[in-house]
Amino acid sequence: MSKPRRPRAVTTESGSTTGRRRPVWTCPKCGARLISKNLWHSCGTFTIEDLFTGARPGVVELARAFVGLLQSLGDVQVLSQKTRLVCVARVRFAGLYPRKTGFRAAFALRRWLRHPRIVKTADYGPRWRGHFVDIRSERDLDDELRAWLQESHDTVGIQDDIV
Ligand SMILES: [Zn+2]
């Protein structure tokens, strides 16, 4: 008696590009890294100083320290836009919204984080759960925030669920 042949799932999968990582596209005008060509984005050159016009002294420096933190997470692009700053790995996963006395740091996770520092959340589905933390001084840029940002980068940012 011959053994029944085991179906080879590999055969049906091969040649299919479904779910594969596509290369990212870079806007030739502003350098923004985008998941697909000609995707809408606030195209233009804004600086971090533009975002904090009218903010109290020291806030731009605080924002720069946050940018340094974001840049330490991996291969990321940090872009100042008209009303916010965004951080992109393969996709946008973190950023900030300026305030007069500081800024609101934003990051996305696959899970909901319950913590007193989380001042706001935004639900964009299970793959992009937005969390917001108010930053007012260098002390707020601590290891705890860093760990949340790293998790955000390592899951949402690099699209770890797409192989
Ligand atoms: Zn652009």
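This text follows the structure it describes.
Residues numbered from 1 in each chain as written. Predicted model: local features only at pLDDT ≥ 70, side-chain atom pairs only at ≥ 80, totals over all residues. Heavy atoms only, no water.

K.L.:
It is not clear to me how the packing of helix α3 (residues 59–71) against helix α4 (residues 143–157) should be interpreted in this structure. Could you clarify?
P.N.:
Helix packing geometry: the angle between the two helix axes and the distance between the axes. Between α3 and α4, the shortest axis-to-axis distance is 10 Å and the interhelical angle comes to 50°. Relative to α4, the element α3 is oriented oblique. Taken as a pair, α3 and α4 cross one another with a handedness that is right-handed. Two secondary-structure elements touch here, α3 through Phe66, Leu69 and Leu70 and α4 through Leu145, Arg146 and Leu149. Counted by class, the contact of α3 with α4 contains five nonpolar, no polar and one charged residues. (Axes fitted to C-alpha atoms, helices over the stretch in contact; angles between N-to-C directions. Helix = DSSP H or I, 4+ residues; strand = E, 2+ residues; numbered from the N terminus. Parallel < 35°, antiparallel > 145°, perpendicular 65-115°, else oblique. Left-handed = near helix turned anticlockwise from the far one by under 90°. Contact = heavy atoms within 4.5 Å. Nonpolar A, V, L, I, M, F, W, Y, C, P; charged D, E, K, R; others polar.)

K.L.:
Explanation requested: the environment of Phe107 in the structure shown.
P.N.:
If you trace the backbone, Phe107 turns up in strand β6 (residues 102–109). Separated by 20 residues in the primary sequence, Phe107 and Cys87 have C-alpha atoms spaced 9.1 Å apart. Ignoring sequence-local partners within four residues, the contact set of Phe107 consists of Phe93, Ala94, Leu113, Ile118, Arg129, Gly130, His131, Val133, Leu145, Trp148, Leu149 and Ser152.

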